[in-house]
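This is what each chain is made of:
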Amino acid sequence: SLACTTVGLTLPLWLPLCLYPFELVWTLLIYRLDERSGSHHRLPLRWHTAFWDERQRLPFLGLDQYLVRVINRAPQKSQTEGQAAMDYLSTGHQRWAVRNAQIELDAQQLECCADVGAISALHRQLALGDLNNPITPLLLSFRRLSEDTQAALNQSSLYNQRLMLTTVIDHIEGHLRELTRSSYPYAPRFRPILQSWRHTVCRHQQLLTQKAELSQEIESPYIVGIPLTQQQDVFVGRQDVSAQIERLLKEKRYSSLLLYGQRRMGKTSLLNNLGRLLPNHIVPLFIDLQGPTSKSRDHEGFLYNLARGMVHSAKQYRNLTLPPLSRETLAIDPFTAFDEWLDQVEALLSNRTALLTLDEFEALDQALTHGRFEQDAILGMLRNLIQHRPRFKVLLSGSHTLEALQRWSSYLINLQVIHISYLKESEARRLIEQPVRDFPVRYAAAATERIIHLTRCHPFLIQLLCAEIIALKNEQPSPSRRQVTQADVEAAIPKALTSGSFFFADIEHNHYEVLPLLQRLSAQREGTLYSPTSPQELPWLEHLVKQEILEVVAEDQYQFQVDLIRRWLARGTSPNGNGADKLSVAHIQDKR
C-alpha cells in the first residue's frame, strides 16, 4: 500500500521523463511529415505533442521553428492558427518556444524593409509586446531608427533629407558597434539586419544627392521638427543661456538646475550643443527621458538605460570612456550596483564635473504617476546623487516648472531655474540670412524684418517659415530664385501654418480651457491691442501672459506675442465669437 501511494504521488515527476523519448520521436515524425506534405495537405497543429501533454517540462526541440513555419504560411487561416497556438503555449512549460518564435518573427519583419519607405513606416507596425522580452530594448532602437528616417523623409528640402539621413546612418553604425562588442545572444541574428538598413539608407542618400545636382535646387539648411545636433551649423545663439549654466555650475551651493521654456523653443537643441558651448572640464551626460529610460519596465531597466546613455554621451562629447554597466550586475540589487558604478565614474572624472541632463523630465513624471517606478526610489536616488556626489550636477529640462510637478520639489535641493525664450534679434537675423556658411540666398531687408515680426524670433517658427520660403523659391524661375522679397514671405505664410500644424495644434491642446478667448482675440487685425471688457477676463489674460502667449503692451492692453500663432488661431473663427463667456475663473485659477 505504501509503495502504491509512493508511486502515485511521484507519478507526475517520473512519468514525463519516461514518456519524453517516445513523444520526441513522434514530434520529429510530425515535422518530417509536415515538410513533405503538400501546401494543401498540412498536418493539423494540434497533433503536436505540446498540445496534448501539458505536463511535459522538457523542451520539444524544433517547436519554435515549427511555430514560425506555420505562421509564415500564406493562408490567413494558418497565421491565425499559429498565433492561437502561441497564445496557448505562452503560459505553459513550452513558453520558451513562443519567445524564440516571436523573436524570429520580429527579425523577419525587420528584414522585410527593402527601402527607406518601408523603414520609415515600420514604427507604426512594430509591436514591442511584453517588456520581459529580451529583445525589447533592441526593438526600441529599431523603432527609433524608423521614426528618425520618417522625420528625415518628411523634410521639405533634399538637403535636409540628406543631412538627417546622415544622422540615421551614424546611429545605425553606433548600434552595429555595440552589437559587435557585446555578448548579446541575439546579436548574430540582428547585426545583418542593421547592416542591410545601413546599405538601404546610404543608397537612398546617394540618390537624393544625384537628384539635387540635376534639379539645381537651392539646398535649404532650415531644419523643422527635430532638435539640432552639434554637427549642424544652423544652430545659432544661446551663448547667454550656456554662460548662465556655466556660472551656476561653478557655484558649489547650486547642484540642480531646471531649464524651462515653451515647447519647440530649442531646449533639446541647446542640450545637444552643450558639448561645444561649455568648457572641456564639464562633461555633458545627455539622457532623453522620452526614450527607453522612462519606458523601462522596472528599476533595473531604468538604471541600465540611464547608465548606457551616460556612457554614450561621455564618449560623444568628451571622448571619455566610462565603464559599462551590465544588466547582470544590476539584477540582484540594482540601486547598490548603480551606486558602486557611480564610484567608478567619479574616479575617472578626476577634476572634471559631470552634468547629468535629463531632457523632457515630464516623461519620467508620467512613468511615476503610472506606477512603473517607485517615487522614493528614483527621485531619492537623484537626491542622493545631488547631496553626496559633488562631481555630479543635475539639469532637468522641460516645458513645466516644478510648481506644476510638485512631487519633485522635495527631492531637488536649492534648484535654480533657467528660462530659455526667444532668440535675440541679432541671432534671429543670422539664422534667417546666414544659417550656414556660403548660403546662396539673399533676403531683402523688408523680408527679414517681416519674418522677425511674424515669429517674434521664435527659433522653430523662423526655421518653419524660412523652410517654406526656400521651397517656394525652388518653384520659381532660376533668375529670381536667390532673392527673397517681402511678397515671398507673405506667400509662404499659409504653407507654414499648414506644415507646422502639429506645433500650433499643440498650443490649442495645452490651452483648451481658454481657447474661446484666444480665438476671439485672434480674430482681430494684426497689431490690434485688446482691453478686457470685464473684470472676469483679467485672470484669463494674466494666465495667458504667464504662459507666454500674450504680452502686456500698456496698462490693461494686451496682444499676441507671436503673430503666426494669432494667425493660426484666427483660422475659422468669428470676430463676434463669445465662447470666452463660458469659461470659469476658478478653473483658470486652479490651472495656475
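Residues numbered from 1 in each chain as written. Predicted model: local features only at pLDDT ≥ 70, side-chain atom pairs only at ≥ 80, totals over all residues. Heavy atoms only, no water.

Draft legend 1. Expanded view of helix H16 (residues 362–369). Among the eight residues in H16, six count as buried, and that is most of the element. Of the residues making up H16, those classed as buried are Glu-362, Ala-363, Leu-364, Asp-365, Ala-367 and Leu-368. Contacts from the buried residues of H16 go to helix H12 (292–295), helix H13 (299–318), helix H17 (375–388) and strand E4 (392–398). (Buried < 20%, exposed > 50% of the residue type's maximum accessible area, 1.4 Å probe, protein only. Helix = DSSP H or I, 4+ residues; strand = E, 2+ residues; numbered from the N terminus. Contact = heavy atoms within 4.5 Å.)

Draft legend 2. Representation of the nonpolar core in the model. Counting residues in hydrophobic clusters, the biggest one holds 54 residues, and the most contacted among them are Tyr-443, Leu-465 and Phe-504. A per-element tally of this core places helix H20 (residues 459–473) first, with nine residues. Setting aside residues no more than four positions away along its own chain, Phe-504 makes contact with Leu-461, Leu-464, Ala-496, Leu-497, Leu-564, Ile-565 and Trp-568. Of all hydrophobic cores here, the second largest spans 44 residues; its members include Val-283, Leu-364, Phe-373 and Leu-412. (Core = buried A, V, L, I, M, F, W, Y, C linked by side-chain atoms within 4.5 Å.)

Draft legend 3. Local environment of the pairing of E4. With seven of its seven residues buried, E4 lies for the most part within the structure. Because side chains alternate across E4, one face comprises the buried residues Phe-392, Val-394, Leu-396 and Gly-398, and the other comprises Lys-393, Leu-395 and Ser-397, equally buried. With five bridges joining them, strand E1 (residues 256–260) and E4 adopt parallel strand pairing. Across the sheet, the residue bridging to Leu-258 is Leu-396, located in E4. (Pairing = 2+ DSSP bridges.)

Draft legend 4. Fine view of the environment of Ala-554. Here Ala-554 shows up in strand E8 (residues 550–554). Separated by 25 residues in sequence, Ala-554 and Leu-529 place their C-alpha atoms 9.1 Å apart.

Draft legend 5. Inspection of the environment of Tyr-422 at higher detail. Summarising the element assignment, Tyr-422 is placed in the loop between strand E5 (416–419) and helix H18 (425–433). Assessed through its relative accessible area of 15%, Tyr-422 is described here as buried. Taking C-alpha positions, Tyr-422 is 7.1 Å from Arg-456, a pair spaced 34 residues apart along the chain. Look past the residues within four positions of Tyr-422 in its chain and what remains in contact with it is Arg-238, Gln-262, Met-265, Arg-456, Cys-457, His-458, Glu-548, Gln-561 and Val-562. Here Gln-561 takes part through its side chain, which lies 2.6 Å from a polar atom of the side chain of Tyr-422. (Polar contact = N/O pair within 3.5 Å; in protein donor to acceptor, adjacent residues only side chain to side chain.)

Draft legend 6. Examining helix H23 (residues 515–522) more closely. Burial runs high along H23: six of the eight residues are buried. Every buried residue of H23 is listed here: Leu-515, Leu-517, Leu-518, Arg-520, Leu-521 and Ser-522.

Draft legend 7. Quick peek at the packing of aromatic side chains. The full count for this structure, using the stated rule, is nine aromatic pairs. Considering the side-chain rings of Tyr-222 and Phe-439, the 6.0 Å spacing of their centres and the 85 degrees angle between planes classify their relative orientation as edge-to-face. Taken together, the positions of Tyr-222 in the loop between helix H8 (187–215) and helix H9 (239–250) and Phe-439 in the loop between H18 and strand E6 (442–443) put the pair 217 residues apart, joining distant regions of the chain. With a relative accessible area of 0%, Tyr-222 lands in the buried category. Here the aromatic cluster, defined as three or more aromatic residues joined through ring pairs, consists of Phe-460, Phe-502, Phe-503, Phe-504 and Trp-568. Above the ring of Phe-460, the side-chain terminus of Arg-264 is found at 5.7 Å from the ring centroid. (Phe/Tyr/Trp six-rings, centres within 6.5 Å; stacked < 30°, edge-to-face > 60°. Lys NZ or Arg CZ within 6 Å of the ring centre and 35° of its normal.)

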